[in-house]
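A look at the structure
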Amino acid sequence: MNWNLIFTSIFSAIFIKETIFYVLGAQGLNIHYGYTGLMNFGQAGFMAVGAYGLAVSVETFGWSLWVGILVGIGWAILLALLLGLPALRLRGDYLAIVTIAAAEIIRLVARSESTESVAGGNSGINNFAGAFYDLNPWVNTRRYDFGPFSYSGQDLWIQAVGWGVVLLMALLTFLLMRSPWGRVLRSIRENEDAVRSLGKNVYAYKMQSLVLGGVMGALGGIVLAIGNQSVQPDTFATRTTFICYGALILGGAARVWGPVLGGIIFYVAFRGLDVIIRQMEKADIVPESIMTSTQSGVVRFVFLGGALMLLMVFRPQGILGDRKELAFDG
Amino acid sequence: MADATGAEPRVVTEADRGGVLPEPGAAKPDPILSATGIERRFGGVVAVDVAHVEFQRHQITALIGPNGAGKTTLFNLLTGFDQPNAGEWRFNGTSLSGVPPHKVARMGMVRTFQLTKSLTKLTVIENMRLGAPDQRGERFFPALVKGLWSSEEDEITARADELLERFKLDHMREEFAGSLSGGQRKLLEMARALMGSPELVMLDEPMAGVNPALTQSLLGHVKALREEGMSVVFVEHDMDVVHDISDWVVVMAEGRVIAEGTPTDIGRNQAVIDAYLGTHHGEDLHPEIVEHRRLEAEAEAEALEQSAEGDSDDDTAERP
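A brief look at the structure comes next. (Residues numbered from 1 in each chain as written. Chains lettered and ligands numbered in written order. Predicted model: local features only at pLDDT ≥ 70, side-chain atom pairs only at ≥ 80, totals over all residues. Heavy atoms only, no water.)

Quick notes on the sheet that holds strand 10 (residues 256–261) of chain B
Residue and element names in this part refer to chain B. Strand order across the open sheet formed by 6 strands is 6-7-8-3-9-10, with mixed pairing between neighbours. Two strands bound the open sheet, and with one partner strand each, they are strand 6 (109–111) and strand 10. With direction set aside, neighbouring strand axes in the sheet form an average angle of 20°. Of the pairings in the sheet, the one linking strand 3 (residues 60–64) to strand 9 (residues 248–253) comprises 4 bridges and is parallel in character. Note on strand 9: the bridge partner recorded for Leu 63 is Val 250. Across the sheet, helix 1 (residues 71–78) is in contact with strand 3, strand 6, strand 7 (200–204), strand 8 (231–235) and strand 9; its angle to strand 7 comes to roughly 145°. (Pairing = 2+ DSSP bridges. Helix = DSSP H or I, 4+ residues; strand = E, 2+ residues; numbered from the N terminus. Axes fitted to C-alpha atoms, helices over the stretch in contact; angles between N-to-C directions. Contact = heavy atoms within 4.5 Å.)

So, the pattern of salt bridges
Residue and element names in this part refer to chain A. Counted according to the given criterion, the structure contains 29 salt bridges over all chains. Put simply, Glu 190 and Arg 189 hold a salt bridge, and the shortest N to O gap is 3.0 Å. Exposure remark for Arg 189: the relative accessible area of 22% places this residue in the partly exposed category. Residue Arg 196 is joined to Asp 193 by a salt bridge in which the shortest nitrogen-to-oxygen separation is 2.8 Å. Of this pair, Arg 196 and Asp 193 both sit in helix 10 (residues 192–197), separated by 3 residues, roughly a single helical turn. Exposure remark for Arg 196: the relative accessible area of 21% places this residue in the partly exposed category. Three or more residues are tied together by salt bridges with common partners; here these are Glu 104, Arg 107, Arg 111 and Asp 234. (Salt bridge = Lys/Arg side-chain N within 4 Å of Asp/Glu carboxyl O. Buried < 20%, exposed > 50% of the residue type's maximum accessible area, 1.4 Å probe, protein only.)

Describing the interface of chain B and chain A
Opposite the 35 residues of chain B that make contact, chain A presents 31 residues. Between chain B and chain A the total buried area reaches about 3100 Å² when both faces are included, carbon and sulfur atoms providing 63% of it. Summed over the shared surface of chain B and chain A, the number is 3 salt bridges. For the salt bridge of Arg183(A) with Glu153(B), the shortest nitrogen-to-oxygen distance reads 2.7 Å. Connecting chain B to chain A are 11 residue pairs in polar contact (both at pLDDT 80 or more). When residues of the side of chain B that touches chain A are traced back to their parent elements, those giving at least two are helix 2 (101–106), strand 6, helix 3 (124–130), helix 4 (140–144), helix 5 (146–166) and helix 6 (182–194) of chain B. Of all the elements, helix 2 of chain B adds the most residues to the side of chain B that touches chain A, at 4 residues. Looking at the side of chain B that touches chain A residue by residue, the class counts come to 16 nonpolar, 8 polar and 11 charged. (Buried area = accessible area lost by both parts, 1.4 Å probe. Polar contact = N/O pair within 3.5 Å; in protein donor to acceptor, adjacent residues only side chain to side chain. Nonpolar A, V, L, I, M, F, W, Y, C, P; charged D, E, K, R; others polar.)

Section: the environment of Asp247(B)
Residue and element names in this part refer to chain B. With respect to the helices and strands, the residue Asp 247 is situated in the loop between helix 8 (239–245) and strand 9. Given the relative accessible area of 6%, Asp 247 is considered buried. For the pair Asp 247 and Pro 263, spaced 16 residues apart in the sequence, the C-alpha separation amounts to 7.2 Å. In terms of polar contacts, Asp 247 uses its side chain to reach the backbone amide nitrogen of Ile 60, at 2.8 Å. Among the polar contacts listed, one links the side chain of Asp 247 to the side chain of Arg 226, at a separation of 2.6 Å.

Focus: the packing of helix 9 (residues 180–190) of chain A against helix 11 (residues 202–228) of chain A
Residues and elements named next belong to chain A. It is the contact of helix 9 with helix 11, at a shortest axis distance of 10 Å, that shows an interaxial angle of 100°. Classified by the angle their axes make, helix 9 and helix 11 are roughly perpendicular. Residues Trp 181, Val 184, Leu 185 and Ile 188 of helix 9 lie in contact with helix 11, whose contacting residues are Val 202, Tyr 205, Lys 206, Gln 208, Ser 209 and Leu 212. (Parallel < 35°, antiparallel > 145°, perpendicular 65-115°, else oblique.)

Description of the packing of aromatic side chains
Residue and element names in this part refer to chain A. Applying the stated criterion across every chain yields a total of 21 aromatic pairs over all chains. Centre to centre, the rings of Phe 41 and Phe 242 are 5.4 Å apart; their planes meet at 55°, and the pair counts as tilted. Of the two residues, Phe 41 sits in the loop between helix 2 (17–36) and helix 3 (43–59) while Phe 242 sits in helix 12 (residues 238–251), which places them 201 residues apart along the sequence. The exposure class assigned to Phe 41 is partly exposed, which follows from its relative accessible area of 23%. Overall, Phe 242 belongs to the partly exposed group, its relative accessible area being 38%. An aromatic cluster of at least three residues, connected via ring pairs, comprises Phe 21, Tyr 22, Tyr 52, Phe 236, Tyr 267, Phe 270 and Phe 301. The cationic tip of Arg 89 hangs over the ring face of Tyr 203; the distance from NZ or CZ to the ring centre is 3.9 Å. (Phe/Tyr/Trp six-rings, centres within 6.5 Å; stacked < 30°, edge-to-face > 60°. Lys NZ or Arg CZ within 6 Å of the ring centre and 35° of its normal.)

Listed below in structure tokens is the structure:
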């Protein structure tokens with residue numbers, strides 16, 4: 001087994017753009033679910049409109065990349081309003097149904113043949129982020145190694161900007177959640193009617209929360225789109241939403257750094273397992289009768305699922321969570 | 001009125017009633033809240049069908065009635081948490097038809113709930129701060145800059161601390177509300193409602209699930225609200241409590257207001273006693289259920305009569 005490759009992959013995964021993608025998605029869900037108690041099962045949809053808003057603006061309409069980023073954010077706001085308008089007035093589970101359905105509709109529309117001229121169908125849209133890499137202070141094509149980390153110049157640039165966005169969102173979350181505004185959100189999570197009886201417009205707060213978290217998800221989609229110079233519809237499958245939830249719960253919901261830490265650990269474990277299993281296959285450690293090469297891609301999900309179950313049993317509040325907060329119900 | 005003393009069988013005078021007739025739907029000299037033709041149906045069941053009712057300003061009005069009489073439903077309707085199928089209701093002369101609950105609260109009518117709705121994962125002091133209305137820091141953009149709301153927050157905290165002290169919850173200030181006892185939660189909810197300086201406080205069974213030691217303190221707090229010029233409407237089952245603190249009693253049964261009057265009037269009212277005894281004789285129910293209901297109703301009616309007789313030895317009255 002190539003231990004060097006294994007270590008480099010695992011360490012590099014800490015800062016890689018996919019990690020940023022899931023961290024931003026989880027940060028958005030932290031606002032929705034962690035602080036406000038909204039069950040958004042369609043975060044992948046918000047991430048998709050961010051990525052596609054950018055790619056379509058640049059590739060199909062020929063607008064500049066920067067306008068495209070604003071369009072991506074604008075679509076996320078619009079989507080939040082569209083979903084929130086009917087669903088936030090209803091009980092919580094309706095929002096879950098509406099959001100999961102909307103996210104799938106967005107993905108299916110993006111990959112359908114009828115929209116191929118705009119959204120590129122199955123293969124998506126490619127090579128639209130040149131303007132971003134023109135500003136790169138590093139050499140785009142060079143490879144940079146720092147100890148166990150190894151990134152290309154392109155990766156370094158998107159990672160620097162991407163983690164900057166993550167820190168900015170963490171700061172935003174911190175500032176908002178220490179304020180009376182954040183107090184209203186946390187109170188809505190505990191009991192909506194109590195908040196209503198104290199004269200707060202619960203609906204308006206839930207809408208603000210949905211928009212804010214949705215925009216964070218869209219930023220994740222935008223970072224990955226620029227990082228890969230490509231958008232593909234199946235990146236935004238329902239699985240993406242649940243990986244974000246997994247990351248959030250692993251790190252600790254309703255904590256500023258919960259989704260960041262959880263996202264890193266989740267993706268590093270995901271990536272690490274993948275590399276290790278592949279290496280074991282190459283070294284013929286696992287006989288074909290136990291696991292074939294086609295099964296290996298799925299086995300990592302089995303391990304990850306098992307690990308999440310153990311987490312829920314032994315540390316349900318996540319790594320950074322406060323056990324005391326879980327102690328009361330109702 | 002209720003806190004007048006005197007052991008001899010009392011004659012309720014006109015002065016006791018403030019010139020208001022002891023009859024359902026009686027007009028009051030200065031009603032803070034009035035409702036006309038309120039009807040709420042759940043499917044085929046008429047839960048509330050109130051022809052007319054008024055609640056007098058600066059008084060403590062008790063809303064009583066047997067289980068299923070529609071008291072809590074009426075509460076929900078009056079406070080905007082539910083909308084009636086028909087009817088009109090006014091708070092300080094303003095129609096509240098179609099007004100959402102948070103706006104009703106902002107207008108000065110704040111309610112509490114039968115099952116306490118403490119925000120369990122917030123500390124006691126944060127629960128209190130939430131109660132303050134119209135905070136600058138509760139708006140999205142000002143929230144980002146602490147300097148814009150920190151001085152207001154300090155004022156709110158000072159007010160909250162005062163109220164916590166008054167309600168004897170100051171030692172629990174930093175605890176999660178979820179770690180309070182049932183009675184303490186009732187106190188917290190009442191204190192939190194007062195953060196908005198309401199004109200009318202609607203208490204839904206404030207004494208339910210509260211231990212007797214705390215009941216007296218709660219009663220004291222409710223009376224104090226009246227002394228401070230607030231009006232109080234409360235739902236209650238315990239007749240001793242009703243006799244102890246209410247100036248006026250409104251009795252509901254099967255969705256209707258069947259009687260009104262001073263606590264003493266009500267204790268002698270045949271319609272009320274009948275309502276508590278139940279009129280289920282003709283109903284097609286399992287005999288055991290009928291028997292159970294009869295016993296329950298008799299016990300309640302007995303308590304009602306007893307407390308009517310021993311009217312005002314309130315503080316020592318033994319509780320069931």
